[in-house]
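# Close look at the chain arrangement
What follows is the residue order along each chain.
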Amino acid sequence: DERTAILVASTPCYPYGVIDPIAELAGAALVVTLRAHAAGGSAGVAVDDLVRDAARLLGFARLSERIGIRVRAGIDHLDQRGAITLGDDRVTPA
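A brief look at the structure comes next. Everything numeric here is computed off the predicted structure, so don't read it as measured data.

### A closer look at the overall build of the chain
Scanning the chain for helices and strands turns up three helices and three strands. Secondary structure of the chain in N-to-C order comes out as α-β-α-α-β-β. Relative to its full complement of 94 residues, the chain shows a buried share of 23%. As displayed, the chain offers around 6600 Å² of accessible surface, 54% of which is attributable to carbon and sulfur atoms.

### Concerning helix α1 (residues 22-38)
In an α-helix, one turn spans 3.6 residues; hence positions three or four apart end up facing the same way. Spanning 17 residues, α1 covers 24 Å between terminal C-alpha atoms, matching the ideal 24 Å at 1.5 Å per step. Turning to α1, its buried residues are Leu 25, Ala 26, Ala 28, Ala 29, Val 32 and Thr 33. Around the axis of α1, the buried residues are gathered within 160 degrees of arc, so they sit on the same side. Those residues of α1 that are exposed and angled more than 90 degrees off the buried face are Ala 23, Arg 35 and Ala 38. Packing partners of the buried residues in α1 comprise β1 (45-46), α2 (47-57), α3 (65-81), β2 (84-86) and β3 (90-93). Gly 40 lies just past α1 and shows a positive phi near 100 degrees.

Cut-off values and rules
Residue numbering note: each chain is counted from 1, following its sequence as written. For a predicted model such as this one, the threshold for reporting local features is a pLDDT of at least 70, and the threshold for listing and counting side-chain atom pairs is 80 or more; totals across whole chains, interfaces and linings nevertheless cover every residue. The side-chain figures draw on all heavy atoms in the structure; neither hydrogens nor water molecules are used. Where helices and strands are cited, they refer to DSSP runs of H or I of at least four residues and of E of at least two residues respectively, numbered from the N terminus. Exposure classes here rest on a 1.4 Å probe applied to the protein chains alone. A residue is buried below 20% of its type maximum, exposed above 50%, and partly exposed in between. Per-residue accessibility takes into account occlusion by the displayed protein chains alone, with areas from the Shrake-Rupley method and a 1.4 Å probe. Each helix should span, by expectation, one fewer than its residue count multiplied by 1.5 Å. Directions pointing from the helix axis toward each C-beta atom define the arc. By the convention used here, residues are in contact when the closest approach between their heavy atoms is within 4.5 Å.

Dropping the structure here:
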């Protein structure tokens with residue numbers, strides 16, 4: 001009705017019962033970012049390395065395109081929340 005501003009929902013894999021655990025993906029990416037920073041990586045971590053290392057932290061032995069896309073969604077979530085600074089190709093803690 002006229003009082004509804006916007007209603008958005010997305011479950012692209014709903015028929016299969018799969019919904020991405022964005023918080024878990026973001027958490028793994030944040031752990032990798034903070035570890036790299038603590039180890040002296042003041043320049044940040046390369047996005048591709050962050051995706052790979054976060055996927056490994058979550059237990060994936062190899063990085064498929066689908067896994068990479070989903071981990072990248074977690075990284076974007078962190079950026080939107082202000083937890084990290086996402087540059088052209090590097091990520092640093094906020």
